Amino acid sequence: MELNGGRSESYGKITVIGTGPGDTEHLSKKALESVKASETVIGYSSYLRQIGDILSEKQEKLPFSMKDEIKRCEAAVKKSLEGKSVALVSGGDAGIYGMSGLLLEIIDKESLTGKIPVEIIPGIPAFCAVSAAVGAPITNDFCVVSLSNLLTPWKDIEKRLRAAAAGDFVIIIYNPKSMKRKEELTIAKNILLENIGKDRPAVIAKAATRPDEEIVITTLENIDKFDIVSMNTTIIIGNGNTYVNDLYMITRRGYGNKYDLSKNNIEKNIAEEN
Ligand code: SAH
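Summary of the structure given here. This structure is a prediction, so every number in the text was calculated from the model and none was measured. (Residues numbered from 1 in each chain as written. Predicted model: local features only at pLDDT ≥ 70, side-chain atom pairs only at ≥ 80, totals over all residues. Heavy atoms only, no water.)

Once that is clear, we can look at the sheet that holds strand β13 (residues 242-244). Adjacent strands of a sheet pair through backbone hydrogen bonds, lying either parallel or antiparallel. If you walk across this open sheet you meet the three strands as β7-β14-β13, and the pairing is mixed. Strand pairing shows two members of the sheet lacking a second neighbour, β7 (135-136) and β13, which therefore form its edges. Where β13 and strand β14 (residues 249-251) come together, three bridges link them in antiparallel fashion. Counterpart to T242 in the pairing with β14 is T251. (Pairing = 2+ DSSP bridges. Helix = DSSP H or I, 4+ residues; strand = E, 2+ residues; numbered from the N terminus.)

As structure tokens, this is what we get:
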């Protein structure tokens, strides 16, 4: 998407780039080329470290600390006004709890919409990496709920958890824990248990695709009992059709109602055909 109607040629382009879950192998070709083509690279310091191997010495790097999202966007706008091309990098997809919305709001507030050229490049969200690592837990309707109440009131988070459980969604939990928030995951679990059985399959994945990746498959009643739960962790709780076998977590989408998926059916059919 390129939002460059009526732009002034003197402003540098801001490219908002989703860098994926961690490993730079999961960056799209376009994301990679765009990061490399930008004169200034702006982002949360640990994301800049993660993509360090694709940055060159001559690129200006502006690392920011975690809660400095507004400052990052303001720096991007400032560099653009100076005529620099900017890569604003954001983990996973930049539009999912990421930087693209805030940047567009700030550009709007500054009456620069359409003047600064902006391009948004999608990235692989962390929950897709987690899903792929364990099989196929998200084959049907799903929702993501962040347990961070920094920007969303906790009562709204509780309301969304109840609605997700009542709707039999596959439920993805982001931001399950932080230094300050230690009890929220247990409170969230108890809300989900009002509607969902304690044995419902769940996966807990820390640092998916990164060197310190750790993944466990467990059940809903145990999601708050693992040390690997941190702010780098995603939890996926299956829906009523999710099951686990020796290797995978799988959500049945309903093909079994149309086709006979009973065990050894393919071998049986081949035998009958011959
Ligand atoms: N834009 C990101 C989400 C940012 S919110 C995306 O598209 O996925 C930050 C939350 O994402 C973290 O608290 C954690 O719940 C999740 N997360 C990000 N990277 C992760 C990873 N590599 N492994 C597991 N969870 C991750």
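Bringing the environment of E272 into the picture now. Summarising the element assignment, E272 is placed in helix α8 (residues 265-273). Taking the C-alpha atoms as reference, E272 lies 36 Å from A133; in sequence the two are 139 residues apart.

Between helix α6 (residues 154-166) and helix α7 (residues 184-193), whose axes approach to 9 Å, the crossing angle comes to 35°. Considering only the axes of α6 and α7, their crossing is right-handed. Along its contact with α6, which presents W154, E158, L161, R162 and A165, the element α7 presents E184, I187, A188, I191 and L192. Considered class by class, the residues forming the contact of α6 with α7 number seven nonpolar, no polar and three charged. (Axes fitted to C-alpha atoms, helices over the stretch in contact; angles between N-to-C directions. Left-handed = near helix turned anticlockwise from the far one by under 90°. Contact = heavy atoms within 4.5 Å. Nonpolar A, V, L, I, M, F, W, Y, C, P; charged D, E, K, R; others polar.)

Burial analysis of strand β3 (residues 40-44) places four of its five residues in the buried class, which makes it a mostly covered element. Alignment of β3 against strand β4 (residues 60-64), held across five bridges, turns out to be parallel. Residue pairing for β4: G43 is matched across the bridge by P63. After leaving β3, the chain enters helix α2 (residues 45-50) and then returns to the sheet as β4, a path that is right-handed. Here three bridges tie β3 to strand β5 (residues 86-90), and the two strands are oriented parallel to one another. (Buried < 20%, exposed > 50% of the residue type's maximum accessible area, 1.4 Å probe, protein only. Right-handed = clockwise from strand over helix to strand, strands pointing away.)

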